[in-house]
2 protein chains.
Amino acid sequence: MLSKSEENYIKEIYSLEQKFQSDVNTNLIAKKIETKASSVTDMLKKLAKKELLTYQKYKGVKLNPKGTKVALSIIRKHRLWETFLVKKLNFSWDEVHEVAEQLEHIQSDKLTNHLDAFLDFPTVDPHGEPIPNKHGNFKTTKTICLNQFQIGEKGVFVEVKNDSDTFLKFLNKNNLSIGTKIKVIEKEDFDNSMVIETNKDQFRISENVTKNLYLKR
Amino acid sequence: MLSKSEENYIKEIYSLEQKFQSDVNTNLIAKKIETKASSVTDMLKKLAKKELLTYQKYKGVKLNPKGTKVALSIIRKHRLWETFLVKKLNFSWDEVHEVAEQLEHIQSDKLTNHLDAFLDFPTVDPHGEPIPNKHGNFKTTKTICLNQFQIGEKGVFVEVKNDSDTFLKFLNKNNLSIGTKIKVIEKEDFDNSMVIETNKDQFRISENVTKNLYLKR
DNA sequence: AAATATTTTTAGGTATATCTAAAAATAATG
DNA sequence: CATTATTTTTAGATATACCTAAAAATATTT
Ligand SMILES: [Mn+2]
Ligand SMILES: [Mn+2]
Ligand SMILES: [Mn+2]
Ligand SMILES: [Mn+2]
């Protein structure tokens, strides 16, 4: 049985591994968890002892298969609950993340799997993020980050890799939601901002925004 | 913001107050929470300091209005989740209590109230226990404990005041569920056991069972 | 390759929620 | 009403998950 803290560390280490495709270092984890590096070191030792990851002093950590399985189970719960909140309880996509941060720690396989069935085994959550099935498998559709697009290219917005309510509310305000068709009109070399076109509008967005939007061509 | 521990203490103190209609003493709480009397004393001091209850050394405690409100909010969440699990996720009534013990600590008024609406504002949970509404009000239907019934009396089983899975599984095995009609055939003075009759059967149950079944005449 | 900067770990401390054992208060009994 | 039994509180420990500050290891510059 893992504590809520341990689960959160495992989850964040997993997402950092995915993001950087490499071993994860202490300071990165500290920033993500919003804690101090010394606290991270303590926890890494503990998780290594529990054989969820390999840890070498000064060299960072890497989840082993057992740790990866734990991470996927928490991510599965998080995204199932987000889906539940939107589909069944009429939450909007910018209201679900904080509550899912709590719900992801509820421990009951039966609950998770029945919830999955109740939702008709969804494959993506309200942010377009893939939901692992009960075996930890999920379909990896190759989505491309908007900042990789060239002028003139078009795509469909299918996933947002930032669950914060401020960011999602910003997207709402600009009528950007999953399924929106986007065309790149202009790219600014100086600050990597872009002018994009949707059904309704044409407007400029900063690199900070383009970095978090993922599309299909 | 209260910790999970603090919430559990408040909840159990409330239910003991209801059960014994009096101030609650340290040892009773210790038994309910499955902890030591010394731990209870520590917590009572803390809860008194937070002004959720009145505490006098050696005299026991009593929830004040603020504490009572907290208790009712947790009980509301517990019973709404139990209802959700049975009505929407196909859990049986003996499988819900442990999961609800976790879910009752999720903190989001929006979630609680939307769940309530999703379930069509249920007034009782799968065990016949009343569900407080968002203002903490619930209808108090006068149910009578089976052990108060006389020989020959009939009633309808409407509430069970024991959520443990072993007890509920015992009821399942004997076809006793909410709505079952029961007639008292025999009462044994020696051990307060009873022989009861249902549609299907006639059999003896111990005082331990009669104490936990509540009926309407 | 020194010197400097950055990252990471260690050492030691705090708050919460437990525990055991002993002391103090209250209740029950002869 | 004094003795005994029970309940409750206090004193002092432990484990978890944090923290700050200093030391050690590693990385970057000059
Ligand atoms: Mn999320
Ligand atoms: Mn999401
Ligand atoms: Mn229950
Ligand atoms: Mn119940």
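This structure is a prediction, so every number in the text was calculated from the model and none was measured.

A.B. asks: Mind showing me how you'd approach the interface of chain A and chain B here?
C.D. replies: By a widespread convention, an interface's size corresponds to the accessible area lost as its parts come together. Listed per partner, the contact involves 20 residues of chain A and 20 residues of chain B. Both sides of the chain A and chain B interface together cover about 1700 Å² of buried area, and 73% of this is carbon and sulfur. The interface formed by chain A and chain B includes two salt bridges. Run the count over chain A and chain B and you get six residue pairs in polar contact (both at pLDDT 80 or more). Where the side of chain A that touches chain B is concerned, the elements lending two or more residues are helix 4 (65-87), helix 5 (97-103) and helix 6 (109-118) of chain A. With five residues, helix 6 of chain A is the largest single contributor of residues to the side of chain A that touches chain B. A class-by-class count of the residues in the side of chain A that touches chain B yields 11 nonpolar, six polar and three charged.

A.B. asks: Where do I start with the domain arrangement of chain A in this structure?
C.D. replies: Assigned domains within chain A: domain 1 (4-63) and domain 2 (144-216). Of note, the centres of domain 1 of chain A and domain 2 of chain A, computed from C-alpha atoms alone, are 31 Å apart.

A.B. asks: Even after reading the chapter, I still don't get the coordination of the manganese ion (ligand 1), so can you show me in this structure?
C.D. replies: All names here are of chain A. Only His78 (NE2), Glu82 (OE), His97 (ND1) and Asp163 (OD) from the protein reach the manganese ion (ligand 1) as donors, at distances of 1.9 to 2.1 Å. Of note, the donors binding the manganese ion (ligand 1) are all from one chain and are spaced H-x3-E-x14-H-x65-D. Between the manganese ion (ligand 1) and the manganese ion (ligand 2), a separation of 3.5 Å is found, and both are coordinated by Glu82. Taken as a pair, Glu82 in helix 4 and Asp163 in the loop between strand 4 (154-160) and helix 7 (165-173) lie far apart in primary sequence, 81 residues in all. Taken individually, Glu82 and Asp163 each receive the classification buried, so the pair is uniform in this respect.

A.B. asks: Can you help me understand helix 4 (residues 65-87) of chain B in this one?
C.D. replies: An α-helical turn contains 3.6 residues, so any two residues separated by three or four positions project in the same direction. Its 23 residues give helix 4 of chain B an end-to-end C-alpha distance of 32 Å, which sits within 8% of 33 Å, the value for a rise of 1.5 Å per residue. N-capping of helix 4 of chain B is provided by Asn64 of chain B, with a side-chain oxygen placed 3.0 Å from the backbone N of Lys66 of chain B.

A.B. asks: Would you take a moment to explain the packing of aromatic side chains for this structure?
C.D. replies: In this description, a pair of aromatic rings is defined by centroid distance and the angle of the planes. Scanning all chains against the criterion turns up eight aromatic pairs over all chains. A ring pair is formed by Trp81 of chain A and Phe84 of chain A, whose centres lie 5.6 Å apart and whose planes are at 85°; its orientation type is edge-to-face. Residue Trp81 of chain A and its partner Phe84 of chain A are located together in helix 4, separated by three residues, close to a single helical turn. As far as burial versus exposure is concerned, Trp81 of chain A and Phe84 of chain A are alike and both buried. In textbook terms, an aromatic cluster arises when at least three aromatic residues are bridged by ring pairs, as seen for Trp81, Phe84 and Phe118 of chain A together with Trp81, Phe84 and Phe118 of chain B. Stacked on the ring of Phe118 of chain B, the Lys or Arg Lys88 of chain B has its end atom at 4.5 Å from the ring centre. The residue whose ring lies beneath Lys110 of chain B is Phe91 of chain A, and the NZ or CZ to ring-centre distance is 5.3 Å.

A.B. asks: How do you make sense of the sheet that holds strand 7 (residues 202-205) of chain B when you look at a structure like this?
C.D. replies: Strand pairing in a sheet relies on backbone hydrogen bonds. The paired strands run either parallel or antiparallel. Residue and element names in this part refer to chain B. Reading across from one edge, 3-8-4-5-6-7 is the order of the six strands in this open sheet, with antiparallel pairing throughout. Looking at which strands have only one partner, the edges of the open sheet turn out to be strand 3 (144-145) and strand 7. Sheet analysis places strand 5 (residues 181-187) next to strand 6 (residues 194-197), joined by four bridges and oriented antiparallel. What sits directly across from Glu186, in strand 6, is Val195. The strands that helix 7 (residues 165-173) touches are strand 4 (154-160), strand 7 and strand 8 (213-216); relative to strand 4, the one it contacts most, it runs at about 150°.

A.B. asks: So what exactly am I meant to see when it comes to the relation of the copies chain A and chain B here?
C.D. replies: Both copies of the chain are related by one operation, a rotation about an axis with a shift along it. Take chain A, turn it by 180°, move it 0.0 Å along the axis, and it overlays chain B with an RMSD of 0.0 Å. What the rotation and shift describe, once combined, is the action of a two-fold rotation axis. Across chain A, the rotation axis passes nearest the C-alpha of Leu103 of chain A, at a separation of 3.9 Å. By residue overlap, the copies meet face to face through one surface: 100% of the interface positions of chain A are interface positions in chain B.

A.B. asks: Explain the protein's contact with DNA strand C to me, please; I cannot follow it from the model alone.
C.D. replies: With respect to spatial proximity, 20 residues lie near DNA strand C, and among them Lys45 and Tyr55 of chain A together with Thr35, Lys36 and Lys46 of chain B are the closest. In DNA strand C, the atoms that sit within 4 Å of the protein are 78% sugar and phosphate, with bases accounting for the remainder. One nitrogen or oxygen atom from the side chain of Ser38 of chain B is found 2.9 Å from a base oxygen belonging to DNA strand C. Contributions of two or more residues to the surface near DNA strand C are made by helix 2 (26-33) and helix 3 (37-49) of chain A together with helix 1 (4-20) and helix 3 (37-49) of chain B. Classifying every residue of the surface near DNA strand C by side-chain character gives five nonpolar, 10 polar and five charged.

A.B. asks: What exactly am I supposed to notice about the pattern of salt bridges here?
C.D. replies: Applying the stated criterion across every chain, the model contains 23 salt bridges over all chains. The salt bridge partner of Lys11 of chain B is Glu104 of chain B, with a shortest N-O separation of 2.7 Å. Of this pair, Lys11 of chain B sits in helix 1 while Glu104 of chain B sits in the loop between helix 5 (97-103) and helix 6 (109-118), and the two are 93 residues apart along the sequence. Here Lys11 of chain B matches Glu104 of chain B in class, with each residue buried. Taken together, the salt bridges that share partners define one network made up of Glu6, Lys46 and Lys50 of chain A.

Thresholds applied
- Residues numbered from 1 in each chain as written.
- Chains lettered and ligands numbered in written order.
- Predicted model: local features only at pLDDT ≥ 70, side-chain atom pairs only at ≥ 80, totals over all residues.
- Heavy atoms only, no water.
- Contact = heavy atoms within 4.5 Å.
- Buried area = accessible area lost by both parts, 1.4 Å probe.
- Salt bridge = Lys/Arg side-chain N within 4 Å of Asp/Glu carboxyl O.
- Polar contact = N/O pair within 3.5 Å; in protein donor to acceptor, adjacent residues only side chain to side chain.
- Helix = DSSP H or I, 4+ residues; strand = E, 2+ residues; numbered from the N terminus.
- Nonpolar A, V, L, I, M, F, W, Y, C, P; charged D, E, K, R; others polar.
- Domains from an automatic or database assignment.
- Donors = N, O, S within 2.8 Å, 3.2 Å for Na, K, Ca; no water.
- Buried < 20%, exposed > 50% of the residue type's maximum accessible area, 1.4 Å probe, protein only.
- Expected span 1.5 Å × (residues − 1).
- Phe/Tyr/Trp six-rings, centres within 6.5 Å; stacked < 30°, edge-to-face > 60°.
- Lys NZ or Arg CZ within 6 Å of the ring centre and 35° of its normal.
- Pairing = 2+ DSSP bridges.
- Axes fitted to C-alpha atoms, helices over the stretch in contact; angles between N-to-C directions.
- Least-squares fit on C-alpha atoms with pLDDT ≥ 70 in both.
- Near = heavy atom within 4 Å.

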